[in-house]
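# Commentary on secondary and tertiary structure
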Amino acid sequence: MQQRATVIIGNWKMHKTIMESCAFVKHLVSLLKEPKATIGVAVPFTALSAVADQIRKLDSKLLLGAQNLSDVSHGAYTGEISSTMLQEAGADFVLVGHSERRHLFHESNALVNRKVKRALEVGLTPIVCIGETAEQKERGETNDVLHNQIFGSLEGLTAHQMENLMLAYEPVWAIGTGKVSSPLDAAKAHAYIRSLVQEKWGKDVANALVIQYGGSVKPENAKQLLEKEDIDGLLVGGASLEPLSFEQIITKA
Ligand code: PGA
C-alpha cells in the first residue's frame, strides 16, 4: 500500500484582509512545531502576494492557494483572474469547484473541468471539490453524484495530470453546518471515489491520489476522520480562521 501524504488545507473563503492574513500566517507558523502533515491556506486573491512574501520571510513550508480561477487564459473577461496571475502572485494550489462556487455561482462540471486544465497548464495544483447535497443524499444518489462530478470535472485528463491534482470530498450538507459526516460514511465515499479513479486511470494513480475530507471539521472530530485509510487530509473552513483551532486540527495528523 502506498504511503500518501496527509494534506490539511484551510479555506478562508471571503474572510481576512491583507493585514489579517499576514498576521494569521505569522501566528500559525509560530505555533507549528514540525507538523507531520503538509499544511496550506487558501486565501482571498488580494492577500496572495503579501502572504507569499510573508511565508518566504518566515522560511516556512506552508503552501499558499487561491480559491478560484478563470477557465480562460487571458482576454476581455472583466473581473476574472487567470492561472498565470495566481502563479505569479505566489500560489502553489487552487481550489476548483468548491460547492459554494458550484451552487451560488452555478459552476458546472464542464466549467470546473476547464478550470482544472488551466491550473495544471501553469503548474498550479488543483484541489477539485466534489460532494452531494442533503436532498441527493436523502434520495440515495450520493454515488451517482460523485460519479458524475469525477468523470465530468476530470474529463480528458491524462494519468500524469491526475498525479498533479488532489480531490476534496465535501458533502454539501456538512459545509458550515456543524453536521460532520460520520468517519465511516466519509471513508466509504472516499473509497468509492478512489475506485472510480482506479477504473479510469489505473491503480497507481488511484493509490497515489490525495483525497481530503471537508465539511464541519473541528479539532474534536479531525482525528477520527484522519484515522480512516482513504481519508488523506482535511479541507477546513470555519475552524481554519483562528490559528489556534487550525493548529489543534493540524496536530491530529
Ligand atoms: P467548514 O467549510 O469547515 O466551515 O464546514 C469547509 C469548506 O467549505 O471547505
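Our structure's up above, just so we're on the same page.
So, a few notes on the structure that sits alongside this text. The shown structure was predicted, so the numbers you read here are calculated from the model rather than taken from an experiment. (Residues numbered from 1 in each chain as written. Predicted model: local features only at pLDDT ≥ 70, side-chain atom pairs only at ≥ 80, totals over all residues. Heavy atoms only, no water.)

Next up on the list: the overall build of the chain. Of the regular secondary structure elements, the chain holds 12 helices and 8 strands. Here the C-alpha coordinates of the chain stretch approximately 45 × 45 × 35 Å along the principal axes. Out of the 253 residues in the chain, the part that is buried amounts to 52%. Of the contacts made within the chain by residues no fewer than 6 positions apart, 74% connect residues no fewer than 24 positions apart. Accessible area of the chain: about 11,900 Å², with a carbon and sulfur share of 52%. Within the chain, the 29 negative side-chain charges are centred at a point lying 3 Å from the centre of the 26 positive side-chain charges. (Helix = DSSP H or I, 4+ residues; strand = E, 2+ residues; numbered from the N terminus. Buried < 20%, exposed > 50% of the residue type's maximum accessible area, 1.4 Å probe, protein only. Contact = heavy atoms within 4.5 Å. Areas by Shrake-Rupley, 256 points an atom, 1.4 Å probe, with all protein chains shown as cover. Lys, Arg positive; Asp, Glu negative; His and termini not counted. Charge placed at Lys NZ, Arg CZ, Asp CG, Glu CD.)

Ranked by internal contacts, the top residues of the largest apolar core, which has 66 residues, are I8, L167 and L234. Broken down by element, the residue count for this core peaks at 6 residues, all from helix α9 (residues 183-201). Discounting residues that sit within four places of it in the chain, L234 has contacts with V7, I8, I9, Q212, Y213, V217, A222, L225, L226 and I249. Ranked by size, the runner-up nonpolar core spans 11 residues in total, among them V7, I127, A168 and L235. (Core = buried A, V, L, I, M, F, W, Y, C linked by side-chain atoms within 4.5 Å.)

As a further point, take the site of the ligand. In the neighbourhood of the ligand, 13 residues make up the surrounding shell, with K13, H98, E170, G176 and S216 lying closest. In this structure, an oxygen atom belonging to the ligand sits 2.7 Å away from a side-chain N or O atom of K13. Within the backbone of G238, an N or O atom sits 2.8 Å from an oxygen atom of the ligand. Out of a free accessible area of 280 Å², the ligand has 96% covered by protein chains. Class assignment of the residues belonging to the shell around the ligand gives a composition of 4 nonpolar, 7 polar and 2 charged. (Near = heavy atom within 4 Å. Polar contact = N/O pair within 3.5 Å; in protein donor to acceptor, adjacent residues only side chain to side chain. Nonpolar A, V, L, I, M, F, W, Y, C, P; charged D, E, K, R; others polar.)

A few words now on the pairing of strand β8 (residues 233-236). Where burial is concerned, the two faces of β8 agree: the one with G233 and L235 and the one with L234 and V236 are both buried. Direction of pairing for strand β1 (residues 7-11) relative to β8: parallel, over a ladder of 4 bridges. Bridge pairing in β8 places I8 opposite L234. As defined by bridge partners, strand β7 (residues 211-214) adjoins β8 across 3 bridges and the pair is classed as parallel. Within β8, the residue paired with G214 across the bridge is L235. (Pairing = 2+ DSSP bridges.)

Counted as a void, the largest pocket has a volume near 430 Å³. Every residue lining the largest pocket is counted, 16 residues in all, and those nearest its centre are K13, M14, Q67, N68 and R101. Among the elements that line the lining of the largest pocket, the one with the most residues is helix α4 (residues 99-104), at 3 residues. When its residues are assigned to classes, the lining of the largest pocket shows 7 nonpolar, 6 polar and 3 charged. (1 Å grid on protein atoms, 1.4 Å probe; cavity = no way out; pocket = protein on both sides within 12 Å on 5 of 7 lines; lining within 4 Å. Points joined across faces, edges and corners; volume = space filled by probe spheres on them.)

Quick look at the side chain of N68 now. Mapped onto the fold, N68 is located in the loop between β3 (63-66) and α3 (83-89). On the accessibility criterion, N68 (13% relative accessible area) is buried. A polar side-chain atom of N68 sits 2.8 Å from a polar atom in the side chain of K115. Beyond its immediate chain neighbours, meaning those up to four positions away, N68 contacts F45, L86, V94, L95, R101, E107 and K115.

Another aspect to go through is empty space enclosed by the protein. With a probe scaled to a water molecule rolled over the atoms, the places where space remains empty come into view. Taken as a whole and assessed by the stated rule, the structure comprises 1 cavity of 30 Å³ or more. Roughly 40 Å³ of internal volume is contained in the largest cavity. In terms of lining residues, the largest cavity is bounded by G97, S99, R102, H103, C129, I130, G131, Q149, E170 and V172. Of all the secondary structure elements, the ones that give two or more residues to the lining of the largest cavity are α4 and β5 (125-130). Of the residues contributing to the lining of the largest cavity, the split by class is 3 nonpolar, 5 polar and 2 charged.

This part covers the sheet that holds β7. A barrel is described by the order of its strands in space; here 8 strands give the closed sequence β1-β2-β3-β4-β5-β6-β7-β8, paired in parallel fashion. If you compare each strand with its neighbour and ignore which way they point, the axes differ by 25 degrees on average. Docked against the sheet, helix α7 (residues 142-153) engages β5 and β6 (166-169), running at close to 155 degrees with respect to β5. (Axes fitted to C-alpha atoms, helices over the stretch in contact; angles between N-to-C directions.)

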